[in-house]
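Reading the structure
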Amino acid sequence: MTIKPKIILCFFAHPDDESFGPGGSIAHWALQGAAVHIVCATKGGVGGRATVRAKELKHAAKILGVKSVTFLKYKDGKIGNNDLISLEKEFIQQIEKCKPDTLLTYDLNGVSGHIDHIAVASATTQAFKKLKSPKQLVYYTIPKAKSNLMGSYFIHFPDGKEKNQIDLIVDVSHVWNQKVTAMKQHKSQMHDVKRILLQSVFFPKEEWFLVRTSK
């Protein structure tokens, strides 16, 4: 399966989710001429670094070819069930403003199991179901072999997917250096940058997605 989106609206929870996750695909689609926009629910403020992390995302987004970055006012690590309705409403507003044909977010398990990720993926899914304008929703996910390496990175790091479960695989080898450069803009998260790059040598330079289409 291949897709060639024209306008992509990405929903993430934290600065760095874009580069550490589907950054290669974002760069790939931008090179193909897609207008890519990012909505980030928080500024990653745990530890008092919200201003720094927001700037890091803006620098990374520019490298990936992203057209715009919008921050919402949710608190890092605090997006829970009580926020889902308001989050969904704000996402709908962003979709109606941007008029994308494609939405991009995390796998419904949050990829890492982070509750903020799960909430954002859930709200994106509900918004997609209620609107007719986006034609497809693309969920970023990872191979099970990668999730197996994570151990106790979080209290619960859910299993990734097997290849036969995947709808779309994007070869990002041609934009790999671009992705790495974007990742390195997140200097406050350099420990994670080094970990991801160390693990990446064991896997093909590709990114995996599940795809849902509107009825």
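Let me begin by describing the structure that accompanies this report. (Residues numbered from 1 in each chain as written. Predicted model: local features only at pLDDT ≥ 70, side-chain atom pairs only at ≥ 80, totals over all residues. Heavy atoms only, no water.)

Excluding glycine, a negative phi dihedral is what most residues carry, and trans is how most peptide bonds are arranged. Unlike most non-glycine residues, D16 shows phi in positive territory, near 100°. When you line up the elements, D16 lands in the loop between β1 (7-12) and α1 (17-20). For D16, a relative accessible area of 7% corresponds to the buried category. Its identity as a non-glycine residue notwithstanding, K99 has a phi of 55°, on the positive side. Relative to the assigned elements, K99 resides in the loop between α4 (84-98) and β4 (102-106). (Helix = DSSP H or I, 4+ residues; strand = E, 2+ residues; numbered from the N terminus. Buried < 20%, exposed > 50% of the residue type's maximum accessible area, 1.4 Å probe, protein only.)

Of all hydrophobic cores here, the largest spans 58 residues; its most connected members are W29, L87 and F91. For this core, the element with the highest residue contribution is helix α5 (residues 115-130), accounting for six residues. Excluding residues that lie within four positions of it along the chain, L87 makes contacts with A41, Y74, I79, A119, V120 and A123. (Core = buried A, V, L, I, M, F, W, Y, C linked by side-chain atoms within 4.5 Å. Contact = heavy atoms within 4.5 Å.)

Ordered by their spatial adjacency, seven strands build an open sheet running β3-β2-β1-β4-β5-β7-β6, and the pairing between neighbours is mixed. Each edge of the sheet is formed by a strand with only one pairing partner; in this case those strands are β3 (68-71) and β6 (168-171). Strand after strand, the sheet turns through a mean of 25° between neighbouring axes, direction not considered. Pairing geometry for strand β2 (residues 35-40) and β3, over four bridges, is parallel. Bridged to I38 within β3 is V69. Its contacts with the sheet put helix α2 (residues 23-31) on β1, β2, β4, β6 and β7 (206-213), and the angle it makes with β7 is roughly 75°. (Pairing = 2+ DSSP bridges. Axes fitted to C-alpha atoms, helices over the stretch in contact; angles between N-to-C directions.)

The computed volume of the second largest pocket comes to approximately 230 Å³. Listed by contribution, the elements that provide at least two residues to the lining of the second largest pocket are α5, β5 (136-141) and β7. If you tally residues by element for the lining of the second largest pocket, the top one is α5, at three residues. Partitioning the lining of the second largest pocket into residue classes produces four nonpolar, three polar and five charged. (1 Å grid on protein atoms, 1.4 Å probe; cavity = no way out; pocket = protein on both sides within 12 Å on 5 of 7 lines; lining within 4 Å. Points joined across faces, edges and corners; volume = space filled by probe spheres on them. Nonpolar A, V, L, I, M, F, W, Y, C, P; charged D, E, K, R; others polar.)

Another aspect to go through is the state of the cysteines. For the structure shown, the criterion picks out zero disulfides. Summary of cysteine pairing: C10 is not part of a disulfide, and the nearest cysteine sulfur, belonging to C98, is at 9.3 Å. (Disulfide = S-S within 2.5 Å.)

This part covers the side chain of K179. Mapping K179 onto the fold places it in helix α7 (residues 176-183). Judged by relative accessible area, which is 4%, K179 ranks as buried. Residues within four places of K179 in sequence aside, it is in contact with S19, F20, G21, G23, G24, L64 and E207.

Another point: the pairing of β5. Extensive coverage of β5 is indicated by the burial of six of its six residues. Residues of β5 alternate between two faces, with Q136, V138 and Y140 on one and L137, Y139 and T141 on the opposite face, all of them buried. Of the strand pairs in this sheet, β4 and β5 are connected by five bridges, and their pairing is parallel. Along β5, the bridge assignment pairs T102 with Q136. In this fold, β4 hands off to α5, which returns the chain to β5; that crossover is right-handed. Sheet topology places β5 next to β7; six bridges connect them, and they run antiparallel. Opposite Q136, over in β7, you have T213 as the bridge partner. (Right-handed = clockwise from strand over helix to strand, strands pointing away.)

The next thing to look at is the packing of aromatic side chains. By the definition in use, this model includes four aromatic pairs. Both rings, one in F11 and one in F91, keep their centres 4.1 Å apart while their planes meet at 25°; by these two values the pair is stacked. Of this pair, F11 sits in strand β1 while F91 is found in helix α4, placing the two residues 80 residues apart along the sequence. This pair shows no difference in class: F11 is buried, exactly as F91 is. Each member of the aromatic cluster is reached from another via a ring pair, and the members are W29, Y140 and F209. The positively charged end of K43 is found above the aromatic ring belonging to F71, 5.7 Å away from the centroid. Residue placement shows K205 over the ring face of W176; its charged tip is 5.3 Å from the ring centre. (Phe/Tyr/Trp six-rings, centres within 6.5 Å; stacked < 30°, edge-to-face > 60°. Lys NZ or Arg CZ within 6 Å of the ring centre and 35° of its normal.)

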